[in-house]
Amino acid sequence: MEIRTAQTQNEVEEALEMLCKFFPPSYYEHKTMKNIMRQYLTEDFTPQCMIVGVDNNRIVAVFRYYPRRMIIAGVEFEILGLSDYCIDSSYSNNTIVGVNFLMKCCEMLKETQYPLAIGSARRIMSNYYYRFGFIGCNSYCKCKIETLKLPSTPKQNIQFNETFNEINIENYERLRRETFSSEWGLIIRTTDFWRWIGHQISHFKKYRFFEIQRDSKLVGYFIISGNDFIDYGIESAEFETHIYELFSFLWTIINKDNLVINLSPNNKIFRSFGLSNLSYTMRFVPDEGVIAIGLNKEKLVALFSSIVSNSCTGLYSPNSFTIGDSLNFIYSDGKLTATFEPDKMKRKDEQILLNSLFQGTYGPLSLMNFGGPHVIPPTFFRINDLDGL
């Protein structure tokens, strides 16, 4: 099998045709969704963004990747998004084909010189992706409100309108970044990506989108999927007042016993619930969901150092700490510096560093790296289906 980047748009079409046959939902639904998605995210479907496996002049494997931007602790950087990993079903019993294809894909992705890549994965078998250098990097969080006890506030002139307006996209993203500025793992949504979300709302009816207006001014938005509250953005000014009104409204359209909040426990929304009784569950699934892989060792170490430096400014006196067994860093004068050579890191070291980024890193004042303040908090649920990974 020849493994290479797609060379023509015809090969892109053939690759998409193959994966639409083997991915759920039905072929027609998947094909329709992909065709419309391509209209909004044209650059994500060029031949240069698709690795294919060719056997006897037929595409039998595909792996798609595309550029994205991310924010962690105020540091904005480029990553690769990964999607549509698929092997023709006629090769499904030949494990070697799948292994060789994914190994070669990982080698080719490293040539792109991005620090890391993030994608979504279906469970294939225990530790399947881990063997190639991937790590699981999110937890599934669900919160149910058993008793909502909000403070009494004067009635405000706040309206909730079920509408998605493209002229407000810039404000939607601004509100979202403002709301989640303190959390890990915010994928930046471009205007075209917001338009793609809008299409899913208006045509596929996959989500419901509400604008929040106060005195005819846009102050927020929120998105629900079924009974799940999955995304929102609200002005910082009078944040709690808007949250009180939001949840009072939510209970008029979703039965309070069925409402589920899919947000990290770190989210500031939970600090607004006062004496409410909440039931919170969280599970970590290592072999499916959002996974990540390091691509460029030097850039990965530099990124980790930059994020830690930015997130713990003024918190620690000059000190050193170690990630894993041998990744030593010195923190001094507000800057984290690696004392090892990044190029000599082994795969296990890269995975440990990635795990520290996504599952949390304790600072140099912690006890044996088991307690004390987090330098980087755990990821939890801030990367979700809306972001298309």
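K.L.:
Describe in detail the overall build of the protein, supporting the description with residues and values.
P.N.:
Summing up its helical and strand segments, the protein has eight helices and 20 strands in all. Considering only intrachain contacts with a sequence separation of at least 6, the fraction spanning at least 24 residues in the protein is 70%.

K.L.:
Give a description of the sheet that holds strand β17 (residues 327-332) that names residues and reports values.
P.N.:
Spatially, three strands are ordered β16-β17-β18 in an open sheet, and the strand pairing comes out antiparallel. Where the open sheet ends on each side, the last strands, each with one partner, are β16 (319-323) and β18 (335-338). Going from strand to strand, the sheet's axes swing by 30° on average, the running direction of each strand aside. Bridge analysis of β17 against β18 gives four bridges, and the strand direction is antiparallel. Directly across from isoleucine 330, in β18, lies its bridge partner threonine 337.

K.L.:
Could you give an account of the pattern of salt bridges, with specific residues and numbers?
P.N.:
Under the counting rule described, the total for this entry stands at 20 salt bridges. Close ionic contact of glutamate 173 with arginine 177 constitutes a salt bridge, the shortest N to O distance being 3.1 Å. Of this pair, glutamate 173 and arginine 177 both sit in helix α4 (residues 169-179), separated by four residues, roughly a single helical turn. Its relative accessible area of 7% is what places glutamate 173 among the buried residues. Several salt bridges share partner residues, and in doing so they unite Glu2, Arg4 and Glu11 into one network.

K.L.:
Requested: an account of the side chain of asparagine 168, with residues and values cited.
P.N.:
Counting through the fold element by element, asparagine 168 comes out in the loop between β8 (158-161) and α4. With relative accessibility at 15%, the residue asparagine 168 sits in the buried group. At a separation of 2.8 Å, a polar atom in the side chain of asparagine 168 contacts the side chain of glutamate 211. Excluding anything up to four places from it in sequence, asparagine 168 contacts Glu211 and Leu218.

K.L.:
Break down helix α5 (residues 191-204) for me, with residues and values.
P.N.:
Helix length check: α5, at 14 residues, gives a terminal C-alpha distance of 19 Å against a target of 20 Å (1.5 Å per residue), a fit within 8%. Along α5, the residues that are buried comprise Phe193, Trp194, Trp196, Ile197, Gly198, His199, Gln200 and Ile201. Elements in contact with the buried residues of α5: α2 (27-40), β3 (58-72), α4, β10 (208-214) and β11 (217-225). The positive-phi residue at the C-terminal boundary of α5 is lysine 205, with phi of around 55°.

K.L.:
Break down the packing of helix α1 (residues 9-22) against α2 for me, with residues and values.
P.N.:
Axis separation between α1 and α2 bottoms out at 8 Å; the angle between their running directions is 145°. Read as a crossing pair, α1 and α2 show a hand that is right-handed. Every residue of α2 that contacts α1 at Gln9, Glu13, Leu16, Glu17, Leu19, Cys20 and Lys21 is listed here: Tyr27, His30, Lys31, Lys34 and Arg38. In the contact of α1 with α2, the residues fall into four nonpolar, two polar and six charged.

K.L.:
An account of the nonpolar core is needed here, citing residue identities and associated values.
P.N.:
Counting 35 residues, the largest nonpolar core has Met50, Val52, Val62, Tyr172, Trp194 and Phe209 as the members making the most contacts within it. Of all the elements in the fold, those that place two or more residues in this core are α1, α2, β2 (50-55), β3, α4, α5 and β11. Among the elements that make up this core, the one with the highest residue count is α1 (six residues). The contacts of methionine 50, once residues within four sequence positions are left out, are Arg4, Thr5, Ala6, Val12, Ala15, Leu16, Val62, Phe63, Arg64 and Tyr65. Cys137, Ala292, Leu336 and Phe358 belong to the second largest nonpolar core, which has 30 residues in total.

K.L.:
Quick one: what's the story with unusual backbone geometry, residue by residue and with numbers?
P.N.:
At lysine 205, a position not held by glycine, the phi torsion is positive, near 55°. Of note, lysine 205 is situated in the loop between α5 and β10. In this structure, serine 216 is a non-glycine residue whose phi angle is positive, near 70°. Under the relative-accessibility criterion, serine 216 is labelled exposed at 65%.

K.L.:
Talk me through the confidence of the model for the protein; I want residue IDs and the actual numbers.
P.N.:
With 87% of its residues at a pLDDT of 70 or more, the protein shows a mean pLDDT of 84. A low-confidence stretch, residues 363-373 stays under pLDDT 50, and its non-local contacts, those more than four residues away or across chains, total 19 contacts.

The rules we used
- Residues numbered from 1 in each chain as written.
- Predicted model: local features only at pLDDT ≥ 70, side-chain atom pairs only at ≥ 80, totals over all residues.
- Heavy atoms only, no water.
- Helix = DSSP H or I, 4+ residues; strand = E, 2+ residues; numbered from the N terminus.
- Contact = heavy atoms within 4.5 Å.
- Pairing = 2+ DSSP bridges.
- Axes fitted to C-alpha atoms, helices over the stretch in contact; angles between N-to-C directions.
- Salt bridge = Lys/Arg side-chain N within 4 Å of Asp/Glu carboxyl O.
- Buried < 20%, exposed > 50% of the residue type's maximum accessible area, 1.4 Å probe, protein only.
- Polar contact = N/O pair within 3.5 Å; in protein donor to acceptor, adjacent residues only side chain to side chain.
- Expected span 1.5 Å × (residues − 1).
- Left-handed = near helix turned anticlockwise from the far one by under 90°.
- Nonpolar A, V, L, I, M, F, W, Y, C, P; charged D, E, K, R; others polar.
- Core = buried A, V, L, I, M, F, W, Y, C linked by side-chain atoms within 4.5 Å.
- pLDDT = per-residue confidence, 0-100.

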